[in-house]
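So you can see what is in the structure, the chains are spelled out below.
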Amino acid sequence: MCSYLLPPTFDSFISQNGDCYLNIHQYHSEECYNQMEKGSLDLALVGKEMFSKNISILPICKAPFKLVCNQSGLTARELHPSKLDVTKEILVSWNGEFDTWHDYWFGSRNKPRIWLDLMSLLEYFISNRDSWAIAPSYIANALASRYNLFVYDLVDGPPSMMVYALYTKGQMRFYANAFLQILREQLQGNKDITMLI
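Residues numbered from 1 in each chain as written. Predicted model: local features only at pLDDT ≥ 70, side-chain atom pairs only at ≥ 80, totals over all residues. Heavy atoms only, no water.

A. Up close: the packing of helix H1 (residues 7–16) against helix H6 (residues 174–187). It is at 9 Å that the axes of H1 and H6 come closest, and there the two elements cross at 130 degrees. As far as their axial angle goes, H6 and H1 are oblique. Like other packed secondary-structure pairs, H1 and H6 cross with a definite hand, here right-handed. Along its contact with H1, which presents Pro8, Thr9, Phe10, Ser12, Phe13 and Gln16, the element H6 presents Tyr175, Ala178, Phe179, Ile182, Leu183 and Gln186. The class makeup of the residues in the contact of H1 with H6 is eight nonpolar, four polar and no charged. (Axes fitted to C-alpha atoms, helices over the stretch in contact; angles between N-to-C directions. Helix = DSSP H or I, 4+ residues; strand = E, 2+ residues; numbered from the N terminus. Parallel < 35°, antiparallel > 145°, perpendicular 65-115°, else oblique. Left-handed = near helix turned anticlockwise from the far one by under 90°. Contact = heavy atoms within 4.5 Å. Nonpolar A, V, L, I, M, F, W, Y, C, P; charged D, E, K, R; others polar.)

Here it is as structure tokens:
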């Protein structure tokens, strides 16, 4: 989200809240929960729902997963996972549900061509190789438009990617609330996601 959906929200937030200092950090979901528990963050957006006594979790939006690749030879508009060659995959582990789905279709022993811990490297690898990746629709469509790639729907695809907001239980801070309001306005018309707030 940080790279593909949030930049306009950051701009609007900064222009509407000139007295606020905005610090942006990119952590894995588990790290966000830890930082929230320590009181180091006012708000976090994560892709994983975890239990915490001190943190409130608010579903923000969801997006279906799509297949993105640089092959135009595929004739179907929808592809089944059983038709994909895992040796050409660039794998990003999006969340637990995605991992379970991936292991079901590709097996935990079959190794992808490239496994990424950093989503930011996906752009480089997908644009320069005969490869494919599965990503949330807002990322897949952005990559396709930037690098002239192809996007396909998946038959029996993984559950939609959920995005949650984390804040300290019982006290959403003023700026966190303001940020979420701007985010809601910015994403309302985005065809790649379904808003949940």
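B. Geometry of the sheet that holds strand E8 (residues 150–154). Strand order in this open sheet of four strands is E4-E8-E3-E7, and the pairing throughout is mixed. Looking at which strands have only one partner, the edges of the open sheet turn out to be strand E4 (78–79) and strand E7 (132–136). As paired elements, strand E3 (residues 65–69) and E7 share five bridges and run antiparallel to each other. Paired with Val68 across the two strands is Ala133, which belongs to E7. Here helix H5 (residues 137–147) sits on the sheet and contacts E3, E7 and E8; the angle it forms with E7, its principal contact strand, is near 130 degrees. (Pairing = 2+ DSSP bridges.)

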